[in-house]
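Coordinates in review
Listed here are the chains, written in short residue letters.
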Amino acid sequence: MGGAVVKKGRIYEGKAKVVYETDDPSTVIIEFKDDATAFDGKKRGTIGGKGEACAAITARAFEYLESCGIATHYRGWISRREIAARRVRILPVEAVVRNVVAGSLAKRLGLEEGLSLREPVFETYYKSDELGDPMVNDYHILALGLATREEIAVIERMSLEINRHLTEFFDKAGLRLVDFKLEFGVADGDILLADEISPDTCRLWDKESLTKLDKDRFRRDLGGVEEAYQEVVRRVELAHGMAR
Ligand code: UDP
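Residues numbered from 1 in each chain as written. Predicted model: local features only at pLDDT ≥ 70, side-chain atom pairs only at ≥ 80, totals over all residues. Heavy atoms only, no water.

**Some details on the sheet that holds strand β6 (residues 74-79)**
With antiparallel pairing, five strands are arranged side by side in an open sheet as β1-β2-β3-β7-β6. Among the strands making up the open sheet, the edge pair consists of β1 (7-13) and β6. Neighbouring strand axes in the sheet, compared pairwise and without regard to direction, differ in orientation by 30° on average. As defined by bridge partners, β1 adjoins strand β2 (residues 17-22) across four bridges and the pair is classed as antiparallel. (Pairing = 2+ DSSP bridges. Helix = DSSP H or I, 4+ residues; strand = E, 2+ residues; numbered from the N terminus. Axes fitted to C-alpha atoms, helices over the stretch in contact; angles between N-to-C directions.)

This is the structure:
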C-alpha cells in the first residue's frame, strides 16, 4: 500500500522530517531524518539509524491505532525511512499525555521523576518554534483561534483514547509509556492523528529496570542513544510482527 504514489517536490522540512508532495494531491510522503534537536534547537546532533527506527515504529504504531478504530493520517509504508500519509492541515496545538511524572512536569511542579500519576494528565501546547512551544489552556486556544471548541474536545477525547491503546501497544513490547506528544491534522473536515509516534516523541522506559529508551538519552547525554532506538524497534517488531 502507498507504493503506487510518485514522490515529487519537498513542501516542508522540519527538524526531524521532510514532507514531499506526490502525484496524488491528497497524499504526502514523510521522510524521517537522523538529525536530532533538543531544547528548542539549542542542542543539535545526529543519531545513526534514527530515521529508519522512527519510520518503523511510527508505521507499526499507526497500523495498531487504525486497527483500534483511531482515525490517522497513515497510508502505508514506502521505504525504510519513508511513510505515505494523507495530506492534512496540522493544527498548531500539541497534545501531551502523561502517565508517569517526567521532564517538564517534574520541573514545574517540583515532583520526582518516576512517580505514577493517579490518572493520565492531558496538556496542550502552542506549536511555535519561536516561542518554544508554550503551554496553553482552552481559553488561550480559543482566544487565539488556534482551534475550535469542537476540535479541542475531539483532540482531548482522542488523545486519552490513544493513550489507552498505546500503553498496551508498548506494554506488549516490555516498555512503559511514560508520556508522549501528539499532533492532529484536519482533512475534509475530519480530525486525524498525524505526525509521528516514536522515541523522539514518547518517553519509553524498560518495564522492569526503568532504563530510558528514548530521546532523553540524547537530551541528557546518557550515552547509548543509537542502541536505545534500535532496542525499541527490535521489541516493537517482536511484539507486533514483521509482516509488511
Ligand atoms: N515532546 C515532544 N516534542 C516537544 C515537546 C515534548 O515530542 O516539542 C514530548 C517529549 O518527548 C515527552 C513529552 O512530549 O515524551 C512531554 O515532554 P515534556 O513536556 O516533559 O518536555 P521536555 O522535558 O521534553 O522538554
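Here the narrative resumes.
**Things to note about helix α1 (residues 50-67)**
Over its 18 residues, α1 extends 26 Å from the first C-alpha to the last, a length consistent with the 26 Å expected when each residue adds 1.5 Å. Counting buried residues along α1, 14 of its 18 residues qualify, which places the element largely inside the surrounding structure. Just beyond α1, the residue with positive phi is Gly69, at close to 90°. (Expected span 1.5 Å × (residues − 1). Buried < 20%, exposed > 50% of the residue type's maximum accessible area, 1.4 Å probe, protein only.)

**A short note on the packing of aromatic side chains**
The full count for this structure, using the stated rule, is three aromatic pairs. Aromatic side chains Tyr64 and Phe169 sit 5.0 Å apart centroid to centroid with 50° between the ring planes, which places their arrangement in the tilted category. Of this pair, Tyr64 sits in helix α1 while Phe169 is found in helix α4 (residues 149-171), placing the two residues 105 residues apart along the sequence. Here Tyr64 and Phe169 have matching classes, each one buried. Considering the side-chain rings of Phe169 and Phe170, the 5.0 Å spacing of their centres and the 80° angle between planes classify their relative orientation as edge-to-face. With relative accessibility at 0%, the residue Phe169 sits in the buried group. (Phe/Tyr/Trp six-rings, centres within 6.5 Å; stacked < 30°, edge-to-face > 60°.)

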